[in-house]
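Topology and contacts: notes
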Amino acid sequence: MEEDALHKIHVWASHGTMKQFSAEVIAKLSKTEYRAELDGDTLTCYIIEKPRGFLGLGPKKRKNLLTIIRKGDEVIIPPESADPAFVQELSEILKQH
């Protein structure tokens, strides 16, 4: 199931420019606990993890969940950068447009 969801994200990222795709992803994720940012031709989706200590005090950590890189017409999603649960959720979120 994850490979199917990853393939769908790959196809969506292949349409248009990375700027267009990232704008859509950023907008859709803004309604969730997830965030995304575009740096050049690399889109990184992440979540800010809150510390579990006393009163939740302490530094917050950024956990990267998916990286999508655009090189010319080629879209690269490094397998090690793809969190399976997030990939499935993003696929569902993107399907709703």
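Before any of the text, the structure's been laid out above.
The rules behind each value
- Residues numbered from 1 in each chain as written.
- Predicted model: local features only at pLDDT ≥ 70, side-chain atom pairs only at ≥ 80, totals over all residues.
- Heavy atoms only, no water.
- Pairing = 2+ DSSP bridges.
- Helix = DSSP H or I, 4+ residues; strand = E, 2+ residues; numbered from the N terminus.
- Axes fitted to C-alpha atoms, helices over the stretch in contact; angles between N-to-C directions.

Regarding the pairing of strand E3 (residues 61-71)
- Examined bridge by bridge, strand E2 (residues 42-49) and E3 share 8 bridges and lie antiparallel to one another. Opposite Ile48, over in E3, you have Arg62 as the bridge partner.
- Across 3 bridges, the pairing between E3 and strand E4 (residues 74-76) is antiparallel. Bridge pairing in E4 links Arg70 to Val75.
- Once E3 ends, the chain turns through 2 residues before running back antiparallel as E4, passing Gly72 with a positive phi of about 65°.

Structural notes on the sheet that holds E4
- Pairing within the open sheet is antiparallel, and its 4 strands lie in the order E1-E2-E3-E4. If you trace the sheet from one side to the other, it starts and ends with strand E1 (34-39) and E4, each paired once. Each strand axis lies, on average, 20° off the axis of its neighbour in the sheet, ignoring direction.
- Here 6 bridges tie E1 to E2, and the two strands are oriented antiparallel to one another. Residue pairing across strands places Glu37 opposite Thr44, the latter belonging to E2.

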